[in-house]
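# What the coordinates show
Spelled out from the first residue to the last, the chains are:
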Amino acid sequence: MTKDKIPKGLLGAVQENLWATWIEEFHKHISITKQLMPLTVRNYLTDLVPFFEYVNEVNLDSLEDVDRSFLRRYLSWLLELGYERSSMGRKLTALRKFYSFLNLKGYVIKNQTGLVTTPKSARKLPVVVTETEIDYLMNRPDISKDIGIRDRALLEMIYASGLRVSEVQGLNINDVNMSSRNILVKGKGSKTRSCLFGSSAANALENYLVNARPFWSSKNSGDALFLGRYGKRLSVRMIQIIVKRYAREADLDPLFHTHTLRHSFATHMLDGGADLRIVQDLLGHS
C-alpha cells in the first residue's frame, strides 16, 4: 500500500519511523481486509491526524504509553483548539479502531482507548414559536383550494394533538371521532394513545373531510386520513415539506419543522397551567 493514498496531513504528522509503517498497515487492513468504503477509510485516517500532531507536540516515545490519563489530556487539547464535541467523538472512534488493530497485530499490548468516554454533543434547545406565530402559520394555507383545506387540517392536527410526523402520517379515517374530538394514535413501539383536539382543529378537519378528501379518496380505496392528489397516503417526507413551506411563508425560524409544532404544543400547554404528567401522556412519553 503506497503512502500517496494516505492523507498528506497524516504523513506529515507521523514521523518516519515504526509508526508510519503501522499507519500503512492499518490503511491496508481497513481498506482491503475490512473492505470499508474509500470515503470511510479516508475519514478514519484524517481523524488520526490531530492525534499524531499531539503525540509529536508532547514528545511521546511510544504508543504503548497512551493511557487513560494521556487520552484525557488529548481530548482537552482538542477542546482548546476549538473542535466541536461531535468532531472529537469521531476522532476518538478512529483512534479506537487504530488501537484495536495495533492490539490485534501484537504491536501494542495495552489498549486503553475504551476507557475514556466520547464527549457528548451539546444539546440544542428545540425551536418553540409563540401562539401568535402559530395562528399566523395556520392562516397561510389558501382554504379556497382543496390543497389548502387539507394543509390547514394537517397543520391544525399536528399542533392540536402534539403529534409526531410519523403519527399524523399513519392516521386512518376510522381513527377520528369528530363527535368527541378524539383521535386514536399509534405511537412508538406500536403503543396506542387517545388524543383530543380543540374546536379550531375540529373545524379545519371537518372542512377537509367534507370538501376535499372525498375527491381524492374516489381515486383510491385506501383508508388513510391525509391523502395526496392521487388518492395515496401522504408520505412523511411530503408532510415535512408541506410544514416547512408554510413556515417559510410565515417567516418563522429557519429551523422550524414538524417537530417544532409538537414542542410548541407542549410548551403552550404547560404555559397554560397544564400538569406536566398530563402533557407527557398526551405526547406519548413513557
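You'll find the structure just up there.
The text that follows walks through the structure, step by step, so that each part is easy to find. (Residues numbered from 1 in each chain as written. Predicted model: local features only at pLDDT ≥ 70, side-chain atom pairs only at ≥ 80, totals over all residues. Heavy atoms only, no water.)

So, about the side chain of E167. With respect to the helices and strands, the residue E167 is situated in helix α9 (residues 165-169). With relative accessibility at 2%, the residue E167 sits in the buried group. Among the polar contacts made by the side chain of E167, one reaches the side chain of R193 at a distance of 2.9 Å. If we skip the residues at most four places from it in the chain, E167 touches V185, K186, G187, K188, R193 and R262. (Helix = DSSP H or I, 4+ residues; strand = E, 2+ residues; numbered from the N terminus. Buried < 20%, exposed > 50% of the residue type's maximum accessible area, 1.4 Å probe, protein only. Polar contact = N/O pair within 3.5 Å; in protein donor to acceptor, adjacent residues only side chain to side chain. Contact = heavy atoms within 4.5 Å.)

A separate point is the nonpolar core. If you look at the biggest cluster of nonpolar residues, it comprises 46 residues, and the most contacted ones within it are L137, I183, L205, Y208, F226 and L261. Counting only elements with at least two residues in this core, the list comes to α7 (131-138), α8 (146-161), α9, β2 (182-186), α10 (199-211), α12 (236-249), α13 (258-271) and α14 (276-283). Tallying contributions element by element places α8 first for this core, with eight residues. Sequence-distant contacts of I183, defined by excluding residues within four places in its chain, comprise M157, S161, L163, L171, D175, V176, R193, S194, C195 and F197. Counting residues in hydrophobic clusters, the runner-up holds 32 residues, among them W22, V41, V55 and L95. (Core = buried A, V, L, I, M, F, W, Y, C linked by side-chain atoms within 4.5 Å.)

This part covers the layout of surface pockets. One simple way to see leftover space: roll a probe sized like a water molecule over the atoms. Each pocket or cavity is described by its volume, and for the largest pocket that value is around 240 Å³. Lining the largest pocket are 14 residues, with I134, E156, Y159, A160 and S200 sitting closest to its centre. Partitioned by chemical class, the residues of the lining of the largest pocket number seven nonpolar, four polar and three charged. (1 Å grid on protein atoms, 1.4 Å probe; cavity = no way out; pocket = protein on both sides within 12 Å on 5 of 7 lines; lining within 4 Å. Points joined across faces, edges and corners; volume = space filled by probe spheres on them. Nonpolar A, V, L, I, M, F, W, Y, C, P; charged D, E, K, R; others polar.)

Next up on the list: the packing of aromatic side chains. One pass over the full model with this rule turns up 16 aromatic pairs. A centroid spacing of 5.3 Å and a plane angle of 55° characterise the contact between Y54 and F70, whose relative ring orientation is tilted. One end of the pair, Y54, is in helix α4 (residues 49-57); the other, F70, is in helix α5 (residues 68-80), with 16 residues separating them in the sequence. Comparing Y54 with F70, the two get one shared label, buried. For the pair Y208 and W216, a centre-to-centre distance of 6.5 Å together with 45° between the ring planes defines the contact as tilted. W216 carries the same exposure label as Y208, and that label is buried. Three or more aromatic residues joined by ring pairs form one cluster here, namely W22, F26, F51, F52, Y54, F70, Y74, W77, F98, Y99, F101 and Y107. (Phe/Tyr/Trp six-rings, centres within 6.5 Å; stacked < 30°, edge-to-face > 60°.)

Take the side chain of H29 next. Here H29 is to be found in helix α2 (residues 18-33). Those residues in contact with H29 that sit more than four places away from it in its chain are K34, F101 and L104.

This next bit is on the environment of S161. In this fold, S161 is placed in helix α8. Here the alpha-carbon distance between S161 and L283, two residues 122 residues apart in the chain, equals 7.9 Å. For S161, the contacting residues outside a window of four places in its chain are I183, C195, L196, F197, F265 and L282.

Interaxial distance between α7 and α8 falls to 10 Å at its minimum, and their mutual angle equals 155°. Accordingly, the angle class assigned to the pair α7 and α8 is roughly antiparallel. Packed against α7, whose contacting residues are E131, I134, L137 and M138, the element α8 presents R152, L155, E156 and Y159 at the interface. Partitioned by chemical class, the residues of the contact of α7 with α8 number five nonpolar, no polar and three charged. (Axes fitted to C-alpha atoms, helices over the stretch in contact; angles between N-to-C directions. Parallel < 35°, antiparallel > 145°, perpendicular 65-115°, else oblique.)

Our next topic: the environment of I109. Checked against the element boundaries, I109 lands in the loop between α6 (85-105) and α7. On a C-alpha basis, the gap between I109 and E64 in space is 7.1 Å, while along the polypeptide they are 45 residues apart. With residues up to four places along the chain from it excluded, the contact list for I109 reads E64 and N103.

What follows deals with the sheet that holds strand β3 (residues 192-196). Across the sheet, three strands lie side by side as β1-β2-β3; this open sheet has antiparallel pairing. Edge strands, defined here as strands with exactly one partner in the open sheet, are β1 (176-177) and β3. Bridge count between β2 and β3: five bridges; the pairing is antiparallel. Bridge assignment links V185 to a residue of β3, and that residue is R193. (Pairing = 2+ DSSP bridges.)

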